[in-house]
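Residue-level listing of the chains:
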Amino acid sequence: MAYIILNKNNFFNNLDIIAKSTKGRDKIALVLKDNAYGHGLSEIASMAKEYGIKRAVVRTCQEANMVENFFDYILVLGEIPASKSDKIRYTINDIKSIEKFPQGTKVELKIDTGMHRNGIAMSELDAAFSKIKESGLVLEAIFTHHRSSDELTSEWFWQNDNFKKVKERAKELANEFGFGTLRFHSSNSASLFRHVDFDEDMARVGIAAYGCMKLPSALNVENLKPVLSLWASKISSRELRAGKRVGYGGDYKATKVCVVGNYDFGYGDGFLRASACGYKTPNATELVGRVSMDNSTFMSSEDELLIFDDATEVAKYAKTISYEVLTSLKPEIKRTVI
Ligand SMILES: *Cc1c(COP(=O)(O)O)cnc(C)c1O
């Protein structure tokens, strides 16, 4: 098997940088969905607790239950629960789903301020408040998500303006319906760093904490460091004469005598097959031929080979984003924190 090394110093370094922007560790809501972006849910949750993170964001009820003991507050983005919980808050993604939540559930209302994916329309705000009241739910927060916070365009600004309007009306409605003081949040990683003077109740931070945020240079955030590196062990090696070919389809042809090593990981472990196009490891070791399900051959005879230590680099070869490279890594891969 391949194995994953998680670098705690780099994780804490990133959290320090994030906490400066949020103005406090207590305002960081660490996004742990999809096995903590492939890093390992329990490993990251445990380090986050050690650092002093109190809030987490997950996708499912199952993930929430798995990290319940690590945090004071958990927000579930994508599921309606069977029963209410003290610690866990659930997202209302659609006005039609409000009656499906058990009475007394703590909920956060997601507003569609322009992404048109999840959330109620801005025009449905008044109706949603009265439905939430009728259903006996406990409304704690209003939030939204940006569609283009990582792009250097005006989109982030008009979505912010939309959310500002939502905030004003929601405060009035909260008074009217007796929901007390609501919390507001709208920022993911890229959006947080675009605020000059961040003043929301929390930021939902994923990719920046994992150190794999890729932004246009004008928006770049200095000194974030990747947390995850992927290693693999050699199964076998062989000497090839010039003209010999490697792997399925014989895609790679040796131009001179060389030694290649075959390593015990492939797309079955989540290493994208698409990254094969000319991929080189951080130590400039060349991947030769196609990536197989459980095997990948490199121009190397090292027993332990560093495959990557920055998912954004692999993403370039695979023509995708670091998020996909990371979340593709299977939960069965052994993770070790150093
Ligand atoms: C995934 C997600 C985030 C985190 O985004 P990053 O770009 O990784 O910081 C924040 N909010 C919501 C609603 C998400 O789905």
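Colleague: Pulling in residues and values, what's your account of the packing of helix H5 (residues 125–134) against helix H6 (residues 155–177)?
Modeller: Two elements in contact, H5 and H6, have axes whose closest approach is 10 Å; the angle formed by their N-to-C orientations is 35°. Considering only the axes of H5 and H6, their crossing is right-handed. On H6, the residues that touch Leu125, Asp126, Phe129, Ser130 and Lys133 of H5 are Val166, Arg169, Ala170, Leu173, Ala174 and Phe177.

Colleague: So what about the layout of surface pockets? Which residues, and what values?
Modeller: The computed volume of the largest pocket comes to approximately 870 Å³. Around the largest pocket, the lining comprises 37 residues; the ones closest to its centre are Lys33, Tyr37, His145, Asn188 and Tyr323. Those elements that place two or more of their residues in the lining of the largest pocket are helix H2 (33–37), helix H7 (189–194), helix H8 (311–318) and helix H9 (322–327). Looking at the lining of the largest pocket residue by residue, the classes come out as 13 nonpolar, 14 polar and 10 charged. Three or more residues apiece are contributed to the lining of the largest pocket by two domains, here domain 1 (8–215) and domain 2 (228–337). Here the second largest pocket defines a volume of roughly 220 Å³. For the lining of the second largest pocket, a count of residues per class yields six nonpolar, four polar and four charged. The residues that make up the lining of the second largest pocket include at least three from each of domain 1 (8–215) and domain 2 (228–337).

Colleague: Lay out H8 in plain terms, naming residues and giving numbers.
Modeller: When we look at burial in H8, the residues that qualify are Ala311, Thr312, Val314, Ala315 and Ala318. The buried side chains of H8 occupy one side of the element, clustering within an arc of 155° when seen end-on. Buried residues along H8 sit in contact with strand E17 (304–308) and H9. With its phi angle positive at about 55°, Lys319 sits one or two positions after the end of H8.

Colleague: Can you tell me about the pattern of salt bridges, naming the residues and giving the values?
Modeller: Applying the stated criterion across every chain yields a total of 17 salt bridges. In this structure, the salt-bridge partner of Lys131 is Glu99, at a minimum N-O distance of 3.5 Å. Taken together, the positions of Lys131 in helix H5 and Glu99 in the loop between strand E5 (88–92) and strand E6 (106–112) put the pair 32 residues apart, joining distant regions of the chain. For Lys131, a relative accessible area of 28% gives the class partly exposed. Connected through salt bridges with shared partners, the residues Arg89, Glu108, Glu140 and Arg183 form a single ionic network.

Colleague: Break down empty space enclosed by the protein for me, with residues and values.
Modeller: Across all of its chains, the model carries one cavity of 30 Å³ or more by this definition. One number sums up the size of the largest cavity: a volume of about 50 Å³. Lining the largest cavity are Lys110, Ile111, Asp112, Thr113, Met115, Arg117, Asn118, Thr144 and His145.

Colleague: Explain the site of the ligand to me, and be specific about the residues and the numbers.
Modeller: Near the ligand there are 13 residues, and of these Lys33, Tyr37, Ser189, Arg204 and Tyr323 occur at the shortest range. One of the side-chain nitrogen or oxygen atoms of Asn188 is found 3.3 Å away from an oxygen atom of the ligand. Contacts to the ligand include Arg204, whose side-chain N or O atom sits 2.8 Å from a nitrogen atom. When isolated, the ligand has an accessible area of 390 Å², and the protein chains bury 93% of it. A molecule is said to occupy a pocket when more than half its atoms come within 2 Å of that pocket's grid points, and by this definition the ligand occupies the largest pocket. Residue assignment for the shell around the ligand shows that the elements contributing at least two residues are H2 and strand E10 (203–205). Here the shell around the ligand is composed, by residue class, of six nonpolar, four polar and three charged.

Colleague: An account of the domain arrangement of the chain is needed here, citing residue identities and associated values.
Modeller: Annotation of the chain at the domain level lists domain 1 (8–215) and domain 2 (228–337). Its C-alpha centre places domain 1 at a distance of 36 Å from the equivalent point of domain 2. Taken as a group, Tyr37, His39 and Cys212 account for 38% of the area that domain 1 buries against domain 2, more than any other trio of residues on that side. Our enumeration of links across domain 1 and domain 2 arrives at zero salt bridges. Across the contact surface, domain 1 and domain 2 share three residue pairs in polar contact (both at pLDDT 80 or more). Contributing elements (two or more residues each) for the side of domain 1 that touches domain 2: H2 and helix H3 (41–51).

Colleague: Can you tell me about the packing of helix H1 (residues 8–22) against H3, naming the residues and giving the values?
Modeller: Interaxial distance between H1 and H3 falls to 11 Å at its minimum, and their mutual angle equals 55°. Relative to H3, the element H1 lies oblique. The two elements H1 and H3 cross, and the hand of that crossing is right-handed. From H1, Lys8, Phe11, Phe12, Leu15, Asp16 and Ala19 reach across to H3, where they touch Ile44, Met47, Ala48, Glu50 and Tyr51. Along the lines of polarity and charge, the residues of the contact of H1 with H3 split into eight nonpolar, no polar and three charged.

Colleague: Please give an account of the pairing of E6 that cites residues and values.
Modeller: The element E6 is extensively covered by neighbouring structure, given that seven of its seven residues are classed as buried. Alternating residues of E6 divide into Lys106, Glu108, Lys110 and Asp112 and Val107, Leu109 and Ile111, and every residue in both groups is buried. When E5 meets E6, the two strands line up parallel, connected through three bridges. Paired with Tyr90 across the bridge in E6 is Val107. Bridge count between E6 and strand E8 (residues 138–143): five bridges; the pairing is parallel. Following the sheet pairing, Lys106 is matched in E8 by Val138. Inspection of the sheet shows E6 paired to strand E7 (residues 120–121) by two bridges, in the parallel sense. Residue pairing in the sheet places Ile111 in a bridge with Ile120 of E7.

Rules used in this analysis
Residues numbered from 1 in each chain as written. Predicted model: local features only at pLDDT ≥ 70, side-chain atom pairs only at ≥ 80, totals over all residues. Heavy atoms only, no water. Axes fitted to C-alpha atoms, helices over the stretch in contact; angles between N-to-C directions. Helix = DSSP H or I, 4+ residues; strand = E, 2+ residues; numbered from the N terminus. Left-handed = near helix turned anticlockwise from the far one by under 90°. Contact = heavy atoms within 4.5 Å. 1 Å grid on protein atoms, 1.4 Å probe; cavity = no way out; pocket = protein on both sides within 12 Å on 5 of 7 lines; lining within 4 Å. Points joined across faces, edges and corners; volume = space filled by probe spheres on them. Nonpolar A, V, L, I, M, F, W, Y, C, P; charged D, E, K, R; others polar. Domains from an automatic or database assignment. Buried < 20%, exposed > 50% of the residue type's maximum accessible area, 1.4 Å probe, protein only. Arc of directions from axis to C-beta. Salt bridge = Lys/Arg side-chain N within 4 Å of Asp/Glu carboxyl O. Near = heavy atom within 4 Å. Polar contact = N/O pair within 3.5 Å; in protein donor to acceptor, adjacent residues only side chain to side chain. Areas by Shrake-Rupley, 256 points an atom, 1.4 Å probe, with all protein chains shown as cover. Sits in = over half its atoms within 2 Å of the grid points. Buried area = accessible area lost by both parts, 1.4 Å probe. Parallel < 35°, antiparallel > 145°, perpendicular 65-115°, else oblique. Pairing = 2+ DSSP bridges.

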